[in-house]
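Per-entry structural report
Spelled out, the chains give:
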Amino acid sequence: MRKFTIRLALCLLVLVTIQLPHTARIKHESSAVPLIERDSFGVPMAGLEKHSSSVQRNESLESIMNDWKVPREKQQIAFQQAASFIDFRKIGRGDSLYTYTDSSGIAEFVVYKPSIKEFLVFDFGDSVRVHEDSLTSTKVIRSASGTIEKGSSLFQTIQDAGLSQSLAYELSEVFAWQVSFFHLLPGDQFSILFEDETMYGKSIETEIKAARFHHADQDYFAFYFPEGDISGFYDEEGRPSERPFLRAPVEFSRISSRYSPRRFHPIQRRYKPHLGTDFAAPTGTPIVATANGTVINAAYTHGNGNYVKIRHNDVYTTGYLHMSRIKSGIRRGVHVQQGDVIGYVGSTGLATGPHVCYRFWKNDRQVDAMRIEMPKSEPLPDTILPKFFAVRDELWRQLPNAPGDQLTSGSITGLGD
């Protein structure tokens, strides 16, 4: 009887245990380890004070960590690990720094942030560790379209709409070989399909996928084709948007004097040919080579001031006059690539103000660089064209082709990140 009573009691105990609420059975687990509060860089904030600063002139990570009392032996271990990420002796002035100190003012963590997204974390805990990471961003495909008004510019039109200023530079680079952005016409129109990368609701980078520019009653198209070594922008027929020559040697300037067979010279006070195009820009503005070629002259003369002359091939030669100075290393015989800086805007020689006089020779005869039809690049090979056309058609369907009077922008679905 006693054995039966004991067995009955045990059975009742098991039944009660089974029917207890789950929370009661694991009550001892309710005191789980609390979540560790971390900031956007993943640094635990408990017991630490965060200091924000930026790299000053002549500062190094070593001097900064010395200031924050990081032991030398920990610095040596950290720098050995960091060597695979950065040259810690050459950090950028103005780059962001975040230092996390304990109650005695000694740095437990240092975050070095050289760009908008990427950062490097130095953890000086018991086990020193350095790791690289990036902040989370969001990408969305957007569109923009607009019309250039009288007295306005591409840059101003895009800026007035509250869009990223870099978008104007990107668009001008895409069509730099077809359109002279220094004399856009009222009524010129553009449409853009672009990827907008944002962080905390702010645009940090844009990347154009397709674009259309209507200038002087002519349409120009550009479609980005991501295909290995030939990735780039191509027009609707598969010809590269890039051309052998840029339209101008300086960015976002203005034409102050055009090519003319008879122009009144402001210094010599007489009429004479002006066989070049003057681009007015602030002193020191970089001047770039408009095409690949070899420098055949880099010198000073009374009329030209500091100037550079480049032969591109047996047909074309360009000249760049009145520089404040010629860039170091630019001399006779040096090969330059399109877009390389060769000097800086000035007013040396016979010049009344800062500008670059851009001259263009075809078959050793000076011609108007703004009017001559530039040579075109070779199209994509026939074997690649079907793949390009498929990409083009997908982008075409989402590119706004009929912009209104005012610039508009909005999100578009249908393309992946």
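Whatever comes next refers back to the structure up there.
A brief report on the enclosed structure follows. Predicted model, so just to flag it, every value in this text is computed and none were measured. (Residues numbered from 1 in each chain as written. Predicted model: local features only at pLDDT ≥ 70, side-chain atom pairs only at ≥ 80, totals over all residues. Heavy atoms only, no water.)

**Some remarks on the packing of aromatic side chains**
Per the counting criterion, the structure on display carries 20 aromatic pairs. Geometrically, the ring pair formed by Phe 388 and Phe 389 is tilted, given 5.7 Å between the ring centres and 55° between the ring planes. Classification of Phe 389 as partly exposed rests on a relative accessible area of 28%. One aromatic cluster in this structure is built from Phe 245, Tyr 316, Tyr 320, Tyr 358 and Phe 360. The lysine or arginine in question, Lys 309, covers the ring of Trp 361, its NZ or CZ lying 4.2 Å from the ring centre. (Phe/Tyr/Trp six-rings, centres within 6.5 Å; stacked < 30°, edge-to-face > 60°. Buried < 20%, exposed > 50% of the residue type's maximum accessible area, 1.4 Å probe, protein only. Lys NZ or Arg CZ within 6 Å of the ring centre and 35° of its normal.)

**Regarding the pattern of salt bridges**
As enumerated under the stated definition, the model contains 11 salt bridges in all. Residue Glu 197 is joined to Lys 117 by a salt bridge in which the shortest nitrogen-to-oxygen separation is 2.8 Å. Linking Glu 197 in strand S7 (residues 189-199) with Lys 117 in the loop between strand S3 (107-113) and strand S4 (118-123), this pair joins segments that are 80 residues apart in sequence. Residue Glu 207 is joined to Lys 209 by a salt bridge in which the shortest nitrogen-to-oxygen separation is 3.0 Å. Look at Glu 207 and you get partly exposed, because its relative accessible area is 35%. Judged by relative accessible area, which is 18%, Lys 209 ranks as buried. Each of Asp 235, Glu 237 and Arg 239 takes part in a single network of salt bridges with overlapping partners. (Salt bridge = Lys/Arg side-chain N within 4 Å of Asp/Glu carboxyl O. Helix = DSSP H or I, 4+ residues; strand = E, 2+ residues; numbered from the N terminus.)

**Digging into the layout of surface pockets**
Here the largest pocket defines a volume of roughly 570 Å³. Together, 26 residues line the largest pocket, and Ser 172, Glu 173, Ala 176, Leu 246 and Glu 251 are the ones closest to its centre. Sorting elements by how many residues they give to the lining of the largest pocket places helix H6 (residues 165-174) first, with four residues. (1 Å grid on protein atoms, 1.4 Å probe; cavity = no way out; pocket = protein on both sides within 12 Å on 5 of 7 lines; lining within 4 Å. Points joined across faces, edges and corners; volume = space filled by probe spheres on them.)

**Considerations on the environment of Arg 359**
Relative to the assigned elements, Arg 359 resides in strand S21 (residues 355-362). For the pair formed by Arg 359 and Leu 321, sequence separation is 38 residues and the distance between their alpha carbons is 8.2 Å.

**Quick look at the pairing of strand S17 (residues 305-311)**
Counting buried residues in S17 gives five out of seven residues, a clear majority hidden from the surface. Of the pairings in the sheet, the one linking strand S16 (residues 293-301) to S17 comprises seven bridges and is antiparallel in character. Paired with Thr 301 across the strands is Gly 305, a residue of S17. Taken together, S17 and the strand that follows it, strand S18 (residues 316-326), pair antiparallel across an intervening segment of four residues. (Pairing = 2+ DSSP bridges.)

**Here's the deal with the environment of Val 55**
Mapped onto the fold, Val 55 is located in the loop between strand S1 (49-54) and helix H3 (61-67). Note on Val 55: relative accessible area 2%, which makes it buried. Once the C-alpha coordinates of Val 55 and Arg 93 are considered, the two residues, 38 residues apart in sequence, prove to be 5.0 Å apart. Those residues in contact with Val 55, other than ones at most four positions away along the chain, are Ile 91, Gly 92, Arg 93, Gly 94, Asp 95, Leu 97 and Tyr 112. (Contact = heavy atoms within 4.5 Å.)

**Side note on H6**
Residues spaced three or four apart along an α-helix face the same direction, because each turn holds 3.6 residues. Among the residues making up H6, those that are buried are Leu 167, Ala 168, Glu 170, Leu 171, Ser 172 and Val 174. The secondary structure elements touched by the buried residues of H6 are helix H5 (154-160), S7, strand S8 (202-215), strand S9 (218-225) and strand S10 (232-234).

**Digging into the nonpolar core**
With 27 residues, the main nonpolar core has Tyr 320 and Ile 342 as its most contacted residues. For this core, the secondary structure elements donating two or more residues are S17, S18, strand S20 (341-345) and S21. By size, the runner-up hydrophobic cluster in this structure holds 22 residues, among which are Ile 148, Phe 175, Phe 194 and Ile 208. (Core = buried A, V, L, I, M, F, W, Y, C linked by side-chain atoms within 4.5 Å.)

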